[in-house]
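Given next are the chains, with one letter for each unit.
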Amino acid sequence: MEGEIMCPDVAEVAILVVGYRNAADIVGCLAALSEAAISPRFDVFICENGGRDPFLQLVEQLTAARICERSSKPCDLNHEFAEVECLRLRARAAKVWVARAHSNLGYAGGINAWLRPLTLVAGWNGIWVLNPDTVPQPNALAELVERAEGGGKAMVGSTILEAGEDSRVRFRGGLRWQTSLARVVAIGLGDSLSAAHDPSAIEAVMDSPSGASMYVTRSCVEHIGLMDDAYFLFYEDIDWGVRAKPLGLGYASNSVVGHKRGTTTGSSGTLKSVSGLSVYLEHRNGIRFVRRHFPHTVWLRLAISCCYALRFLLAGSPRNFGFVISGLVAGLRGETGRPKWHSEPG
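These lines cover the structure that appears in this document, whether it is placed above or below. Worth saying up front: this structure is predicted, and the values here are computed from it rather than measured.

## What about the sheet that holds strand 12 (residues 208-209)?
Read from one edge of the open sheet, three strands run 11-10-12, paired in antiparallel fashion. In the strand order of this sheet, the two ends are held by strand 11 (183-186) and strand 12, each with one partner. Both strand 10 (residues 174-178) and strand 12 contribute to a ladder of two bridges, which runs antiparallel. Counterpart to G174 in the pairing with strand 12 is P209.

Right, here's the structure in full:
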């Protein structure tokens, strides 16, 4: 097939990472993956959304840090990418494919740009969607795979730690949708890592693994299809999870992943410092999500967003007040993808 990436010997798990001008984060993530348990075998597929200079910088930093070395094997370009560099981890037999997108595809778009060609080749049993600013513990992937295979789960989430803390939980498994307030809730937020918990009870209320670390079986991908890249950023993970829920969602509590949070999107910070793009997309995509899955709560989602807008205004951030309102309008109009006002990478 013309334009198909030739990758006949993909390992058991394909790890998918989307970056945006954050080479240092990805170097840290791959350094952690270099220490992963021997089994299962994996290969890494990175999509750099930030343009050519960040792509070259990423390749340079991965090799300069001696995390990766260049591969002598040929690498055919896939038609969805401007260029692809083939590397391999120095510490283990794992290939690292670093690709440059033609334009900023967003998070789901970057995942899909690798997932589409991967669906055409044999060898892999599942994918691990991993944020670039994560630091997985050595057994994190093995625990995910064990829960998926042993429990018959289509998607499995990890224990995600709060940024900069090694004992405070951000997510236990992932997310649930709180219908009464039309919002996403992080399961286990603020728990101590050592606190008693019931994984089966968590699985019963989960609506999706967290997009920071989600293992998805090949069978699941074949049944529900790719992520919805119309979201661009935010809500693509819970949308995918809700679609997969009838097939079974799991929580691997011993799969522990550190997460810096918001380093590429600017979604963390104060009411004044949080990025306008993240505010806009949070409220635009919230409308899209409830229209698709909980249409009877659209009015409630509108009301909640208006409350957020007022909160920004009272906090002295009229700029983000405006981004909430413009996001709501865009959501009601059905606008999708990368916002027209968001600049392309150079």
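Read on for the rest.
## Some details on the pattern of salt bridges
Pairing is possible between side chains that carry opposite charge, provided their charged atoms lie close to one another. Considering all chains together, one arrives at 19 salt bridges under this definition. Put simply, E69 and R90 hold a salt bridge, and the shortest N to O gap is 3.2 Å. Taken together, the residues span a long stretch of sequence, with E69 in strand 3 (residues 68-70) and R90 in the loop between strand 4 (81-89) and strand 5 (95-101) at a distance of 21 residues. With a relative accessible area of 25%, E69 lands in the partly exposed category. The class for R90 is partly exposed, based on a relative accessible area of 38%. We note a salt bridge from D239 to R292, for which the minimum N-O separation is 2.9 Å. Of this pair, D239 sits in helix 7 (residues 236-244) while R292 sits in helix 8 (residues 276-293); the two residues are 53 residues apart in sequence, bridging distant segments of the chain. For D239, a relative accessible area of 0% translates into the label buried.

## Regarding the packing of helix 7 against helix 8
Look at helix 7 against helix 8: their axes get within 11 Å of each other, and the N-to-C directions meet at 10 degrees. Looking at the two axes, helix 7 sits roughly parallel to helix 8. Contacts from I238, D239, V242 and R243 in helix 7 reach F289, R292 and H293 in helix 8.

## A few points about unusual backbone geometry
Cis peptide bonds are those with omega within 30 degrees of zero, and the linkage from S39 to P40 qualifies with 5 degrees. Its location among the elements puts P40 in the loop between helix 1 (23-33) and strand 2 (42-48). Look at F234: it is not a glycine, yet its phi comes out positive at around 75 degrees. Examined against the element boundaries, F234 turns out to sit in the loop between helix 6 (218-224) and helix 7. A relative accessible area of 18% places F234 in the buried class. One non-glycine residue, Y235, lies in positive phi territory at about 80 degrees.

Reading guide: rules and limits
Residues numbered from 1 in each chain as written. Predicted model: local features only at pLDDT ≥ 70, side-chain atom pairs only at ≥ 80, totals over all residues. Heavy atoms only, no water. Pairing = 2+ DSSP bridges. Helix = DSSP H or I, 4+ residues; strand = E, 2+ residues; numbered from the N terminus. Salt bridge = Lys/Arg side-chain N within 4 Å of Asp/Glu carboxyl O. Buried < 20%, exposed > 50% of the residue type's maximum accessible area, 1.4 Å probe, protein only. Axes fitted to C-alpha atoms, helices over the stretch in contact; angles between N-to-C directions. Parallel < 35°, antiparallel > 145°, perpendicular 65-115°, else oblique. Contact = heavy atoms within 4.5 Å.

So yeah, pure geometry; function would need other evidence.
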